[in-house]
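Given next are the chains, with one letter for each unit.
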Amino acid sequence: MRPLKYKDGVLSLIDQTKLPNEQIWVDCKNYQEVADAIVNMIVRGAPAIGVTAAYGVAIGALSIGTDSKNEFFSELREVCDVMRNTRPTAVNLFWAIDKMYNIAESMKEKSIPEIKDALVKHAFILDEEDVNTNKAIGQNGNELIQDNWTILTHCNAGALATCDYGTALGVIRMAKESGKNIQVFADETRPYLQGARLTAWELQQDNIPVTLICDNMSGHFMKAGNINCVIVGADRIALNGDTANKIGTYSVAVLAKENNIPFYVAAPVSTIDFSIQSGEQIPIEERKAEEVTHIKGIRLAPESICVRNPSFDVTPNKYITAIITEKGVVYPPFEENIKKLK
Ligand code: MRU
């Protein structure tokens with residue numbers, strides 16, 4: 001299940017705002033349309049927006065019509081800036097844009113058509129690498145999962161949030177593929193309902209048994225002994241292991257610790273921000289009030305009510321049992337062990 005496809009200068013994205021009721025593909029024919037798709041969450045999830053932005057940079061580069069190298073690079077920087085200003089929290093976005101720009105810069109002596117060609121090829125490479133990375137995360141994570149376990153997840157860290165297979169859901173898929181009898185509990189994940197709309201749908205498509213619960217029910221099921229471990233994705237991991245992920249993840253982690261349930265973060269190394277020491281340095285996106293006051297255009301709250309809508313929270317490292325990456329499973333002390341992944 002791939003949420004994105006590139007062909008001949010056009011990036012097609014499955015519109016994740018419409019799932020699961022409608023499966024509509026949106027064609028982005030220029031880089032501004034790609035940027036808008038990220039802002040409006042037609043595509044979402046840290047690895048998916050990284051690769052989408054990479055295709056956006058490639059599409060932007062293709063549209064630059066100049067023979068002057070100086071002009072080309074100045075316009076390419078503008079394209080990169082537009083991509084950078086879409087969403088602030090997931091570091092994969094900045095990682096992918098920097099990779100693309102560095103490729104172009106390393107080819108400064110080559111012709112503009114050669115640089116454009118290389119950018120398109122590199123976006124493809126990032127796309128392909130993401131799928132292989134997720135399978136490796138799945139394999140490493142599967143070692144931690146026992147037969148007959150029920151796994152709780154929050155938000156959607158599945159195929160839809162990546163280029164395919166998923167990170168947290170990649171571990172679940174791999175456990176299932178290796179013959180384990182696995183059940184999933186999916187938090188609905190207010191306000192945007194990525195759990196109810198995307199994780200529930202995605203797992204159903206793969207015939208993985210999934211039970212949908214409201215966000216405020218997870219403590220109840222943990223205490224009742226219904227959950228064996230929690231696996232979530234990540235948007236940005238600091239050097240000390242503090243992890244930004246979808247709002248509500250922190251509460252789930254605290255409840256898991258209280259109930260002696262292992263809490264795992266599954267993420268590629270590209271989600272680690274090696275430039276920041278702790279989660280305090282992670283910028284948290286605040287989204288519009290309508291996501292909280294309305295569902296599908298229907299107002300639930302009184303007019304002009306004061307609303308806060310942080311899209312992510314930071315789970316302090318002390319609540320995280322281990323971080324599952326493509327390079328292996330990282331345990332505390334995270335301050336020492338995360339550095340080794342660089
Ligand atoms: O706002 P979203 O839907 O982009 O948030 C997504 C998440 O928080 C995911 O858990 C995270 O990006 C990891 S996806 C593999």
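The structure under discussion appears in the preceding block.
Residues numbered from 1 in each chain as written. Predicted model: local features only at pLDDT ≥ 70, side-chain atom pairs only at ≥ 80, totals over all residues. Heavy atoms only, no water.

Peer 1: Looking at this structure, how should I read the overall build of the protein?
Peer 2: When helices and strands are counted, the protein shows eleven helices and 15 strands. Its C-alpha radius of gyration of 20 Å places the protein within 12% of the 20 Å reference for a compact globule of 342 residues. The C-alpha extent of the protein, read off along each of the three principal axes, is 65 × 50 × 40 Å. In the protein, buried positions account for 57% of the 342 residues. Here the contacts in the protein between residues at least 6 apart in sequence split such that 74% fall between residues at least 24 apart. As presented, the protein carries roughly 14,500 Å² of accessible surface, and 49% of it is formed by carbon and sulfur atoms. The centroid of the 35 positive side-chain charges in the protein is displaced by 2 Å from the centroid of its 43 negative side-chain charges. (Helix = DSSP H or I, 4+ residues; strand = E, 2+ residues; numbered from the N terminus. Rg over C-alpha atoms; globule rule 2.2 N^0.38 Å. Buried < 20%, exposed > 50% of the residue type's maximum accessible area, 1.4 Å probe, protein only. Contact = heavy atoms within 4.5 Å. Areas by Shrake-Rupley, 256 points an atom, 1.4 Å probe, with all protein chains shown as cover. Lys, Arg positive; Asp, Glu negative; His and termini not counted. Charge placed at Lys NZ, Arg CZ, Asp CG, Glu CD.)

Peer 1: Explain the nonpolar core to me, please; I cannot follow it from the model alone.
Peer 2: One broad trend across soluble globular proteins is that nonpolar side chains are buried collectively. Ranked by size, the top nonpolar core spans 48 residues in total, and within it Leu11, Leu13, Phe72, Leu76, Met83, Met100 and Leu119 carry the most contacts. Those elements that place two or more of their residues in this core are β1 (4–7), β2 (10–14), α1 (31–39), α2 (46–62), α3 (69–84), α4 (91–106) and α5 (112–142). In terms of residue count, α2 provides more of this core than any other element does, eleven residues in total. Leaving out residues up to four positions away in the same chain, methionine 100 has contacts with Ala54, Val57, Ala58, Leu119, His122, Ala123 and Leu126. Counting 26 residues, the second largest nonpolar core, distinct from the first, contains Met222, Ala234, Ala256 and Val265. (Core = buried A, V, L, I, M, F, W, Y, C linked by side-chain atoms within 4.5 Å.)

Peer 1: It is not clear to me how a negative patch on the surface should be interpreted in this structure. Could you clarify?
Peer 2: Side chains of Asp67, Glu71, Glu75 and Glu78 sit close together on the surface and give a patch of like negative charge. Assignment of secondary structure puts glutamate 75 in helix α3. On the basis of relative accessible area, glutamate 75 is assigned to the partly exposed category, the value being 32%. (Patch = residues over 30% accessible without salt bridge, like charges linked within 9 Å, V, L, I, M, F, W, Y side chains within 5 Å. Salt bridge = Lys/Arg side-chain N within 4 Å of Asp/Glu carboxyl O.)

Purely geometric numbers; function is a separate question.
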